[in-house]
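So the chains spell out like this:
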Amino acid sequence: IGGPKNLPILESYLDDEECEAKKISSHKPRLVILGSGWGAVGLVKNVNPNDYHITVISPRNHFLFTPMLPSATVGTLEFRSLVEPIRRIVASVNGHYIEASAEKVEFQDRLVEVKQHLPDGSSRDFYVPYDKLVVAVGSQTNSHGVNGLEYCNFLKTIEDARLVREKVFRNLELACLPGTSEDERKRLLSFVVCGGGPTGVEFAAELYDFLNEDLCNTYPKLLRNLVSVHIVQSQGHILNTYDEKISQYAQERFINDSIDVLTNARVKSVEPDRVIFSQKNADGVAENKELPCGMCLWSTGVTLCDITKDIAASLPGHQRNKRAIETDTHLRVLGAPLGEVYAIGDCSTVRTNITEHIVEFLKTYAVKANVSIENYEITFQQWRDIAQNIKRRFPQASEHLRRVDSLFTEFDQDHSGTLAFAELTALLKNIDSKVTSLPATAQRANQQGIYLGRKFTKLARAQESLAMDEVVNKDIDDLVHRPFAYHHLGSLAYVGNAAVFDFNGYSLVGGLVAVYLWRSVYFAQSVSFRTRALLFMDWLTRGLFGRDITP
Ligand code: FAD
Ligand code: MG
Ligand code: MG
Ligand code: MG
Ligand code: MG
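Residues numbered from 1 in each chain as written. Chains lettered and ligands numbered in written order. Predicted model: local features only at pLDDT ≥ 70, side-chain atom pairs only at ≥ 80, totals over all residues. Heavy atoms only, no water.

1. Some details on helix α5 (residues 158–176)
And step 1. The end-to-end C-alpha separation of α5 is 28 Å, in line with the 27 Å expected for 19 residues at 1.5 Å each.
And step 2. Within α5 the residues assigned to the buried category are Ile158, Asp160, Ala161, Val164, Arg165, Val168, Phe169, Asn171, Leu172 and Ala175. (Helix = DSSP H or I, 4+ residues; strand = E, 2+ residues; numbered from the N terminus. Expected span 1.5 Å × (residues − 1). Buried < 20%, exposed > 50% of the residue type's maximum accessible area, 1.4 Å probe, protein only.)

Here you go:
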């Protein structure tokens, strides 16, 4: 018992003594990971099993293959094929799993406060101690303050997908009942998707494919003419984070498929039988409109989890971003004791504060050299060194520093052949403004997890070999491993028997070939042979027998 709240502290685990490997790891530094999603799994799969005593804490006992979730809503894939038990993943590193959610982090005592809800409605609270903590809790659905979300469906968990599937088939059955009026049929078969991002778009596409390919074989053909699918998007285009060509292709494709795309439209409220929204017309005047609907899918983006907010709020002065936990380029949470707490995936963002970093550095330099920083002139060679330093420390800025020489001339406003302090600051600020924040995608979370897994393995090695005095007061993360660099491998989305790709400025849109490519990318990314086999079977079954129309 201990910690600020005098709760029990978990000191040993049921299976610590189970086998030789677990006995050994129980004496290793405690690595605690919050979450069982893309970030957490990327990490667990890449850390050396014998270096840490690993504990994964998450309320969700499985990893969810999110990119394929929209396909499960209409029976293209089975739910089972999209999940992998977290225990199986954790067992591969002789680790432990606790089914509970993290509530708070006590940085000084190195404890995570954890809560498990029990079946009788009570809850059990306790602390889990850590030496290293990784926060990978993802994000939660954003309500945007809209009323009536209790009438909406969501698409974030396997349970959500199950509810969507149930609702789709229930509405079809209700529409077939004798005594259902024509208007009521139309309403039941009107599907409204709020949000034109990849999740909403893929759901609309899957639904549409299903309605066209399987509906007619199994339900009265009359229904086909009553079905409608609508996408309500607040921006001017759907898939607006993708390349413009792609966004256009998707939009045209949908219009061809008679999926109703409503752009520049903002949902105001949702009622049990309709969605109320305002849409700007060509003159920019907002008009209030409504759509009757049988099902409304809410997928308009994400916001912070409670624990994420709490962590950011408990490190005042260090955390300035309202939308995520800020880390340095080594993914260490800013403000927490150095090298103890890391954050990855959707809940985190990497701060690139090049200006601040370099100015700070120059100030200490100026103090040492006893010159006033305002009068300091930076030579061309010095600028090259600075640029080199930035590239190493902020990999995300590298692409904006390709033209080192011309940047110097461009910002040497007075053509003095040197950069005055003000000129340098302007240059750095310009680069800062060009570095965009990392996308909230599985790709990014996974890359960050893999990065930390490899880094932790290196750190364990280094701790063994470095003498203690070498380690003290040194940035050991920086000593043994490079900062995190994100590699964009392209975005892709399924738009109804066609798929779109966006890869570093190259865009690819197309039919069957693209669809197979789309599948194979995710096929290759699935976490185990088991899920890969299940996915394959699902696609095969669907090809042979059509979609499964049972809930
Ligand atoms: P998650 O994978 O969301 O994992 C978070 C984990 O933390 C979960 O296990 C959760 O249960 C757990 N958790 C939550 N709160 C707590 C707590 N308090 N304590 C402990 N654990 C907690 N991205 C792509 O790149 N391509 C796609 O095609 C794509 N399609 C998507 C489709 C859908 C339907 C959805 C919902 C997302 C999609 N994404 C896609 C986005 C992608 O899934 C996320 O960016 C990714 O999951 C982020 O990984 P993460 O590890 O940060 O969080
Ligand atoms: Mg995760
Ligand atoms: Mg996930
Ligand atoms: Mg995360
Ligand atoms: Mg000058």
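Moving on from the model shown.
2. With respect to the side chain of Thr263
And step 1. When you line up the elements, Thr263 lands in the loop between β13 (260–262) and β14 (265–271).
And step 2. If near-sequence neighbours (up to four positions away) are discounted, Thr263 is found in contact with Gln233, Gln235, Gly236, His237, Gln251 and Gln279. (Contact = heavy atoms within 4.5 Å.)

3. Here's the deal with the sheet that holds strand β9 (residues 132–135)
And step 1. Sheet architecture is open: five strands sit in the order β5-β2-β1-β9-β20, paired in parallel fashion. Two strands close off the open sheet at either side, each with one partner strand: β5 (96–98) and β20 (341–343). With strand direction ignored, the average angle separating the axes of adjacent strands in the sheet is 20 degrees.
And step 2. Pairing analysis gives five bridges linking strand β1 (residues 30–34) to strand β2 (residues 53–57), with the strands arranged parallel. In the sheet register, Ile33 faces β2, and the bridge partner there is Val56. (Pairing = 2+ DSSP bridges. Axes fitted to C-alpha atoms, helices over the stretch in contact; angles between N-to-C directions.)

4. Some thoughts on empty space enclosed by the protein
And step 1. For the coordinates displayed, the defined rule picks out two cavities of 30 Å³ or more.
And step 2. Size it by volume and the second largest cavity reaches roughly 40 Å³.
And step 3. The wall of the second largest cavity is formed by Thr329, Val350, Thr352, Phe394, Pro395, Gln396, Leu438 and Phe484.
And step 4. Tallied by class, residues from the lining of the second largest cavity come to five nonpolar, three polar and no charged. (1 Å grid on protein atoms, 1.4 Å probe; cavity = no way out; pocket = protein on both sides within 12 Å on 5 of 7 lines; lining within 4 Å. Points joined across faces, edges and corners; volume = space filled by probe spheres on them. Nonpolar A, V, L, I, M, F, W, Y, C, P; charged D, E, K, R; others polar.)

5. Some points on the domain arrangement of the protein chain
And step 1. By domain assignment, the protein chain separates into domain 1 (20–59 + 99–139 + 304–350 + 440–480), domain 2 (149–301) and domain 3 (354–434).
And step 2. Computed over C-alpha atoms, the centres of domain 1 and domain 3 are 34 Å apart. (Domains from an automatic or database assignment.)

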